[in-house]
Structures are given as C-alpha cells and as structure tokens.
Amino acid sequence: MYFIRGGVIAMSVFVLVYVALSLMVSVGWRALRRDRWHVSSTTTYCFRILPLAAALVVVAVFTVPSFLRFEPRWDDEPIGSAVLALASAGAVILIFGTINALLGWMRTSRCVSSWTADSRTLNLETAVPAFQTPESAPLLAVAGLCRPKLLVSACARQLLDPGELDVAIRHELAHARRRDNLKKLLLRACAFPYLGALDRAWLEAAEIDADDEAVRDERSALDLASALLKASRLTPRVPGPELTMDLVSGAPGAVTARVERLLAWRPRARPKPRFRIGVPAALVAAVTAGLAYMWVLTRVHQFTEFLVR
C-alpha cells in the first residue's frame with residue numbers, strides 16, 4: 001500500500017504540472033506569434049518540450065524523494081477520490097503518448113522497409129548510409145531515429161541538376177545531424193490538444209535551419225530554391241511518413257516562404273563572441289538549490305498531504 005500510494009501521488013503531481021505548463025505554453029506561444037517574435041527551432045523545441053520535461057523533473061527530483069523521506073511506511077491513510085482521478089488522468093496521458101509514438105514508429109518502419117527492400121547503396125561521401133529508392137518513395141528524405149539513413153529516389157537523380165542534388169542532400173544531412181526524427185518521436189509522445197501550432201512552427205523552423213546549414217553561397221542558395229520548386233511541383237508528390245524529414249515537408253505556404261528566403265540570401269556576419277555567463281549562473285543555481293533542497297522537499301510533502309485528503 002505504501003508504494004501504491006507513492007505511485008498515485010507521483011502520477012497526480014505529474015498530471016498537474018504537465019497540464020498546467022502545457023496550457024501556459026499554449027497561451028505564451030500565441031502571444032509570441034501575435035507579436036511576431038522570431039524564435040529559432042531550438043528555442044521553439046525547448047518551449048514545446050518544457051511541460052513534459054518539467055513534469056518529469058518535479059516528480060523525480062522533488063515528489064518521490066519527499067514521499068520517501070517524510071511519509072511513514074506504517075501509515076494507512078486512505079487515498080481520496082480526487083487524487084485517484086488525477087493519477088488515472090496521468091496514466092492515460094502517458095499510455096496515450098507511448099501508443100502514439102509507437103504507432104508512428106511502426107508506420108514509418110514499414111514504409112522505409114518497403115522502400116529500402118528494392119534499393120541499392122549509393123557511394124556518396126556522407127556521414128550516414130545513402131540508398132537509392134524507387135520512385136514510389138519521397139524525392140529526398142532522411143529516415144531513422146538513432147541510426148539515420150539518407151533516401152534518394154531514382155526520380156531525384158533525374159529531376160535535379162548536380163548542384164541542386166548536392167545542396168538538397170546537404171539539407172537532409174543537416175536534419176540527420178540535428179536528430180530531427182528523434183525529436184519528432186518525442187513530440188508524438190507528448191501530444192497536447194492546444195500545441196499543434198507550436199509543433200508546426202518547430203517543423204518550419206527546423207527546415208529553415210537545415211536550409212541555412214546547407215547553403216554556402218548565393219549559387220547554392222539558388223540551387224536549393226530551384227530544387228524546392230521542382231520537388232513541390234511533382235504530381236502527385238509522395239509525402240514521407242511521420243518520422244522522416246522530407247525535402248518539402250510542411251504546408252505549401254512554408255515551402256514558398258523558404259524559396260523566397262533563399263532567393264534573398266545574403267552572407268551573414270558571424271556573431272561577435274560574448275561573455276559566457278551560463279556556467280557561473282548554473283553553479284549559483286546548483287548551490288542555491290542544494291541549500292534549499294530539504295526546505296523544498298518539506299513543502300512538496302505538505303502539498304501532497306493536502307492533495308491526498
């Protein structure tokens with residue numbers, strides 16, 4: 001009964017933090033978009049993943065230790081119906097997220113397996129293995145979570161000029177280096193009703209970041225813009241499954257915005273080095289948290305006692 005009560009309390013705190021932060025992130029993101037703030041893909045993703053990460057940290061670092069430290073093992077205190085309902089909601093969220101991620105992974109694995117079954121290995125000087133896939137596959141894509149692979153369809157080698165194909169491949173390899181497919185899987189695991197716009201915004205920002213990594217000069221910017229236009233005009237265009245990064249993934253408007261941005265490409269000056277305050281700030285935060293840790297555990301236990309009643 002002791003560990004069951006601890007699990008119920010931990011799950012209840014998880015769902016409270018997760019839902020509250022998800023709603024706050026949703027409202028905050030709408031405010032940012034309304035004020036037209038430019039947010040990078042890294043910041044967007046951290047903003048999106050904050051509710052899940054914070055909920056897990058609160059449970060693992062504060063809720064469970066406070067229960068083990070202060071809750072008497074011999075106490076047969078009954079568990080209220082409210083906390084049971086919260087724990088059930090938390091279990092549903094975790095189970096749904098796990099199933100959602102697994103289904104996306106299974107569908108992607110089936111598609112990629114069918115494409116690579118009739119493929120041949122390409123001798124490209126890339127950091128990931130490359131395969132030439134049949135015309136039924138997307139024009140260019142990166143698949144795989146921990147061991148990504150580059151998929152180049154036979155149509156891509158016919159449709160794109162050598163310069164266009166080269167910069168398009170560099171674009172896809174940028175997705176592989178950034179582990180964007182793995183990030184997509186995590187987003188499926190923590191889906192929330194009001195955060196779909198933030199998911200789409202991250203995907204658009206990730207495509208722009210991959211464009212920036214692929215482009216080296218004005219010539220390659222024009223080549224990538226031309227490749228995007230050619231790929232977007234394919235009829236019918238074969239979309240990639242959920243956990244792949246396609247060359248022209250996203251809404252048509254997003255592809256148009258990328259092309260316009262590439263046509264206006266100019267060399268960007270490197271940012272000047274600034275004084276790094278991250279390490280000192282982290283040390284101060286760690287010392288402060290260590291000194292106040294027992295006090296925080298006491299307050300967390302008081303809150304969970306109130307929650308159980």
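**Student:** What exactly am I supposed to notice about the packing of helix α2 (residues 41–70) against helix α7 (residues 196–214) here?
**Tutor:** For any two helices packed against each other, the geometry is given by the interaxial angle and the distance between the axes. Put simply, α2 and α7 touch, their axes get as near as 8 Å, and they point 155 degrees apart. The pairing of α2 with α7 is recorded here as roughly antiparallel in orientation. For the pair α2 and α7, the crossing hand works out as left-handed. Between α2, through Ser41, Thr44, Tyr45, Phe47 and Arg48, and α7, the contact on the second element is made entirely by Leu198, Asp199, Ala201, Trp202, Ala205, Ala206 and Asp209.

**Student:** Hey, could you run me through the pairing of strand β3 (residues 140–143) in this one?
**Tutor:** Looking along a regular strand, one sees side chains alternate from face to face of the sheet. The alternating pattern of β3 places Leu140 and Val142 and Ala141 and Ala143 on opposite faces, both of which are buried. Hairpin connection between β3 and strand β4 (residues 149–153): a loop of five residues separates the two successive antiparallel strands, and Gly144 in this loop has a positive phi of roughly 105 degrees. Bridge count between β3 and strand β5 (residues 244–246): three bridges; the pairing is antiparallel. Bridged to Val142 within β5 is Met245.

**Student:** How should I be thinking about the pairing of strand β2 (residues 130–133) in this particular structure?
**Tutor:** Burial along β2 is two-sided: the face carrying Ala130 and Gln132 and the face carrying Phe131 and Thr133 are both buried. With three bridges connecting them, strand β1 (residues 120–122) and β2 associate as antiparallel partners. Its bridge partner lying in β2, Leu122 is registered against Ala130. Bridge count for β2 against β4 is four bridges, and the pairing is parallel. When the sheet's bridge partners are listed, Thr133 is paired in β4 with Ser153.

**Student:** Is there a simple way to think about the sheet that holds β3 in this case?
**Tutor:** The mixed open sheet is built from five strands, whose spatial order is β1-β2-β4-β3-β5. Of all strands in the sheet, those bounded by a partner on one side alone are β1 and β5. Within the sheet, the average angular offset between the axes of one strand and its neighbour, ignoring direction, is 30 degrees. Taken strand by strand, helix α5 (residues 162–177) contacts β3, β4 and β5, and its axis lies near 20 degrees from that of β3.

**Student:** Whenever I open this one, the packing of aromatic side chains confuses me. Can you help?
**Tutor:** The relation between two aromatic rings is expressed through the spacing of the ring centres and the mutual angle of the planes. For the structure on display, the rule yields six aromatic pairs. Plain terms: the ring middles of Tyr18 and Phe192 are 6.0 Å apart, the flat faces sit at 80 degrees to each other, and that makes the pair edge-to-face. Pair noted here: Tyr18 is in helix α1 (residues 2–34) and Phe192 is in the loop between α6 (180–189) and α7, with a separation of 174 residues, a long-range link. In this pair, the class of Tyr18 matches that of Phe192, namely buried. With centroids separated by 5.9 Å and ring planes inclined at 40 degrees, the aromatic side chains of Phe62 and Tyr293 adopt a geometry described as tilted. You can see Phe62 sitting in helix α2 and its partner Tyr293 sitting in helix α10 (residues 278–308), a full 231 residues away along the chain. We classify Phe62 as partly exposed; its relative accessible area is 23%. Classification of Tyr293 as partly exposed rests on a relative accessible area of 27%. Within the aromatic cluster, the residues linked to one another by ring pairs are Phe14, Tyr18, Phe192 and Tyr194. Lys183 extends its terminal NZ or CZ atom over the ring of Tyr45, reaching a point 5.6 Å from the ring centre.

**Student:** Looking at this model, I keep getting lost on the nonpolar core. Mind explaining?
**Tutor:** Nonpolar side chains in soluble globular proteins tend to be buried together. Counting 34 residues, the largest nonpolar core has Val13, Phe14, Tyr18 and Trp202 as its most contacted members. Of all the elements in the fold, those that place two or more residues in this core are α1, α2, α3 (81–117), α7 and α10. Take this core: its biggest share by element is eleven residues, from α1. Sequence-distant contacts of Val13, that is, excluding residues within four places in its chain, are made with Val58, Val59, Thr63, Thr304 and Leu307. By size, the runner-up hydrophobic cluster in this structure holds 30 residues, among which are Leu140, Leu150, Ala156 and Ala227.

What counts, and at which threshold
Residues numbered from 1 in each chain as written. Predicted model: local features only at pLDDT ≥ 70, side-chain atom pairs only at ≥ 80, totals over all residues. Heavy atoms only, no water. Axes fitted to C-alpha atoms, helices over the stretch in contact; angles between N-to-C directions. Helix = DSSP H or I, 4+ residues; strand = E, 2+ residues; numbered from the N terminus. Parallel < 35°, antiparallel > 145°, perpendicular 65-115°, else oblique. Left-handed = near helix turned anticlockwise from the far one by under 90°. Contact = heavy atoms within 4.5 Å. Buried < 20%, exposed > 50% of the residue type's maximum accessible area, 1.4 Å probe, protein only. Pairing = 2+ DSSP bridges. Phe/Tyr/Trp six-rings, centres within 6.5 Å; stacked < 30°, edge-to-face > 60°. Lys NZ or Arg CZ within 6 Å of the ring centre and 35° of its normal. Core = buried A, V, L, I, M, F, W, Y, C linked by side-chain atoms within 4.5 Å.

So far we have only geometry, and geometry alone does not tell us how the molecule works.
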